[in-house]
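# Report on the structure
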There are 2 protein chains.
Amino acid sequence: MSRLALIMVGDELLDGRVAESNSRFLIEEVAAMRGRVVSLEVVADDQGRIAEALDRACKRASAVVVSGGLGPTPDDLTREALAQFAGEELVLDDELVATLTARFESRGRHMTSNNLQQAMRTPTGRSIPNPIGSAPGLWHEVGDVAVILVPGVPSEMRRMWSDSVREMLRPRLGGQAPARIRLRVLRTAESTLAQRVVKAVDAHDGIEVAFCVHDFGVDVLAVGSSPDQDLTSVRDELKHMIGDRIYAEEGVSLPDVILDSLRSRGETLAAAESCTGGLLSKVMTDAPGSSDVFVGAVVAYSNAVKTNQLGVPAVLVQEHGAVSEPVALAMARGVRDRLDADWGVSITGVAGPGGGTEDKPVGTVWLGLSHSQGERALELRLPGDRDQNRQWAVGSALGLLFEQIRSQAR
Amino acid sequence: MSRLALIMVGDELLDGRVAESNSRFLIEEVAAMRGRVVSLEVVADDQGRIAEALDRACKRASAVVVSGGLGPTPDDLTREALAQFAGEELVLDDELVATLTARFESRGRHMTSNNLQQAMRTPTGRSIPNPIGSAPGLWHEVGDVAVILVPGVPSEMRRMWSDSVREMLRPRLGGQAPARIRLRVLRTAESTLAQRVVKAVDAHDGIEVAFCVHDFGVDVLAVGSSPDQDLTSVRDELKHMIGDRIYAEEGVSLPDVILDSLRSRGETLAAAESCTGGLLSKVMTDAPGSSDVFVGAVVAYSNAVKTNQLGVPAVLVQEHGAVSEPVALAMARGVRDRLDADWGVSITGVAGPGGGTEDKPVGTVWLGLSHSQGERALELRLPGDRDQNRQWAVGSALGLLFEQIRSQAR
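In short, a report on the structure.

Criteria and thresholds
- Residues numbered from 1 in each chain as written.
- Chains lettered and ligands numbered in written order.
- Predicted model: local features only at pLDDT ≥ 70, side-chain atom pairs only at ≥ 80, totals over all residues.
- Buried ≥ 20, exposed ≤ 12 C-beta atoms within 10 Å, placed from the backbone.
- Helix = DSSP H or I, 4+ residues; strand = E, 2+ residues; numbered from the N terminus.
- Pairing = 2+ DSSP bridges.
- Contact = placed C-beta atoms within 7 Å.
- Nonpolar A, V, L, I, M, F, W, Y, C, P; charged D, E, K, R; others polar.
- Axes fitted to C-alpha atoms, helices over the stretch in contact; angles between N-to-C directions.
- Parallel < 35°, antiparallel > 145°, perpendicular 65-115°, else oblique.
- Left-handed = near helix turned anticlockwise from the far one by under 90°.
- Least-squares fit on C-alpha atoms with pLDDT ≥ 70 in both.
- Expected span 1.5 Å × (residues − 1).

## Points about the pairing of strand 13 (residues 269-273) of chain A
Residues and elements named next belong to chain A. For strand 13, the tally of buried residues reaches five of five residues, placing the bulk of the element in the interior. Side chains Leu269, Ala271 and Glu273 of strand 13 all project onto a buried face; the interleaved residues Ala270 and Ala272 project onto the opposite face, where all are buried too. Pairing geometry for strand 13 and strand 14 (residues 294-300), over five bridges, is parallel. Bridged to alanine 271 within strand 14 is alanine 297.

Below you can see the structure in the form of structure tokens.
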């Protein structure tokens, strides 16, 4: 039973003060190691409750990660709860005292007696260094089960995970989940995609398929029935059936795929955004090192900016409206020209909830693309709320750009 | 005991396919109703596990909301788990069958026998309408405890919550948590803020204070010891001690506060962004109806765009570097001038992880502000990773803008 249980500790996670985000990180890390998370509990700062959660978790998992409750205040009770559950008394760890004292001295601060609490550990436990915070982690084994205490502060938890815990856990978790493949597909009508995928896996026994819609498209996941199943032929069949709309396998994001292919061609990109208000630019610059490809953008929220900064003729806006094919194309052309880029991509639309008309209801979006070898435009009718429509418009614009880059490469 | 327990059901929430987001929404809604969430569990599609989680939840709460597992496929087992836990047999609800049949017909699709599963309910339960999906909800009482099943699809869950569940639950949950106030404060050194806050609450018994850091600043929460405690004098004291850096009370966001105050002055805003790549523009346009104030932005990721689109003299960049006070001011002035806005705000910095120098390490950011009544610049040294530094740079730029608008209003 190679399974992981997660326990997140803290009143602030249940009363709306803090959005719990550590579980998302840990679940993705464990999935990438092909481990299985079997349960997740968020519990209050309550020693008894934490101990009960530990008891449940240890019954269903071979490893338990507990995040939070390691600070120096009286409501940080995770160490005490572990001691209670394990039937041990906490002891003061001299090395930890020395580390903490040095940490405080280097910052010109005095350590209080409260902080000594952070130097306590179970007698049979091993402490795990925290390079960026005062709360050390703890590795404690209860029978066959490893219980790992990590800090609740996300940056400290992530650093401790990457520096130590991941490799300590790998022998217990890695490669135990069924074999699986992930194909990343551009935004597509899900029913058409489903039909193709069903055809592709029909001949293969014991393969389950799932569709995961995300910001930039749809992931097709094919999951086998055992860890060492060979999925090569399923992968080939899926790639044959889905074809051109696959933009990547596994974790690479669509912005990164686009940045890489433009970089290898020595080309640059500029964006003109209206309803998406900078979101496309933001996602293109999420990854470091995008500046050699992505030169910049004009967010033309008002029509005057469309005319003055992008050179969109005012008469086009008057005749066709700001959300129209000619305006989308003029925006793409304008930003490509003004920012001196090889590619211009544009988005203009009605994100909602207001601003819709009978002719152009909420969700109407025009995308434009301009390059020395040609131009393209595409109309979308998006069904979501404002956030979704903005997100999907960006995903679709990047999809259009990806397809056009690839078709030129042939 | 007026307490809510949450159970989120679905394999996809534990294996990395879907980021669980319903709990965040529900926790915030319940906090806004002054109810208390006492526990949260995420469980796999496993009837026994769901029933066990229900058992635990009903012991600690007066209401339990279960999200997910109401679909038409064999792994949707939440109804069955509830029936098992409650010791009842599911029955087919004729009204639900009629509703589902009509729903499928209106879309020109045939209902399969699988879909009949969605028309099952416990004999003593009441179904809850789902206006935008095929999975109806269910309200079922076990002794004094109300168990509410809602769909896992976020849009359907939110709609069902707002349309029905919130008001059904209010008598059981509302106003039971201690009285509290929230003051929203611009980004500030937390230790200085803490000192002031401690002084303010020192004379008041039974008040606990918490600091919640979020995208645009820090929230100061003061929580009393009973639901009907009068916090007026604590509020006045806090406002006196923290002073000018409070930008709002309760839930209003900093972008909304800025949009409102500029709107009331009849002024407009334009942005010039470098390292933040469009993020400031994106947050200013998150809310609908921002276009009367926010006219647009230039994302000047490359120096050529800074010069050509914003009129930043190339010699300034050569002499001082792109991350410098003169360039930040020239960017703010340039975007204000070119986009014909009353205010120009600018951000130029080293977000990281690369690009730092000894002189300008990662995290160095210059903010600029330009208005007909004057200009301002501010240097930041941010300690976070790329995402945090971009987020904090935007929060600080908006904070600077807010302070400047207010100081002019005097």
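## Regarding the interface of chain B and chain A
Between chain B and chain A, the residue contacts involve 49 residues of the former and 49 residues of the latter. If you list the elements that add at least two residues to the side of chain B that touches chain A, you get helix 1 (22-32), strand 2 (36-43), strand 10 (208-214), helix 10 (279-284), strand 14 (294-300) and helix 11 (303-310) of chain B. Across the side of chain B that touches chain A, the residue classes break down as 27 nonpolar, 13 polar and nine charged. Direction of pairing for strand 14 of chain A relative to strand 14 of chain B: antiparallel, over a ladder of five bridges. Bridge pairing in strand 14 of chain B places alanine 300 of chain A opposite glycine 296 of chain B.

## Some remarks on the packing of helix 1 of chain B against helix 6 (residues 154-173) of chain B
Residue and element names in this part refer to chain B. Interaxial distance between helix 1 and helix 6 falls to 11 Å at its minimum, and their mutual angle equals 30°. Relative to helix 6, the element helix 1 is oriented roughly parallel. Seen from above, helix 1 lies across helix 6 with right-handed handedness. Contacts between helix 1 and helix 6 involve Asn22, Phe25, Glu29 and Val30 from the former and Pro154, Met157, Arg158, Trp161, Arg166 and Leu173 from the latter.

## So, the relation of the copies chain B and chain A
Of the two same-sequence chains, chain B is brought onto chain A (RMSD 0.2 Å, axial shift 0.1 Å) by a rotation of 180°. In the structure described here, the two chain copies are related by an operation that fits a two-fold rotation axis.

## Digging into helix 4 (residues 94-106) of chain B
For helix 4 of chain B, built from 13 residues, the straight-helix expectation of 18 Å at 1.5 Å per residue is met to within 8% by its first-to-last C-alpha distance of 18 Å. Count one or two residues on from helix 4 of chain B and you reach glycine 108 of chain B, which has phi positive near 65°.

## Some remarks on the sheet that holds strand 1 (residues 3-9) of chain B
Paired through backbone hydrogen bonds, the strands of a sheet run either parallel or antiparallel to each other. Taken together, twelve strands build an open sheet; the order of strands is 6(A)-7(A)-8(A)-3(A)-1(A)-2(A)-2(B)-1(B)-3(B)-8(B)-7(B)-6(B) and the sheet is mixed. Either end of the sheet is taken by a strand with one partner, and the two such strands are strand 6 (126-128) of chain A together with strand 6 (126-128) of chain B. Direction aside, neighbouring strands of the sheet carry axes that sit 20° apart on average. Across five bridges, the pairing between strand 7 (residues 137-142) of chain A and strand 8 (residues 145-150) of chain A is antiparallel. Bridge pairing in strand 8 of chain A places tryptophan 139 of chain A opposite isoleucine 148 of chain A.

## Quick word on the environment of alanine 377 of chain A
All names here are of chain A. Its location among the elements puts alanine 377 in strand 17 (residues 374-381). Judged by the 18 C-beta atoms lying within 10 Å of it, alanine 377 falls in the partly exposed class. Sequence-wise, alanine 377 and glutamate 267 are 110 residues apart; in three dimensions their C-alpha atoms are separated by 20 Å. What alanine 377 contacts, discounting residues up to four positions off in sequence, is Glu325, Ala328, Leu329, Trp366, Leu367 and Gly368.

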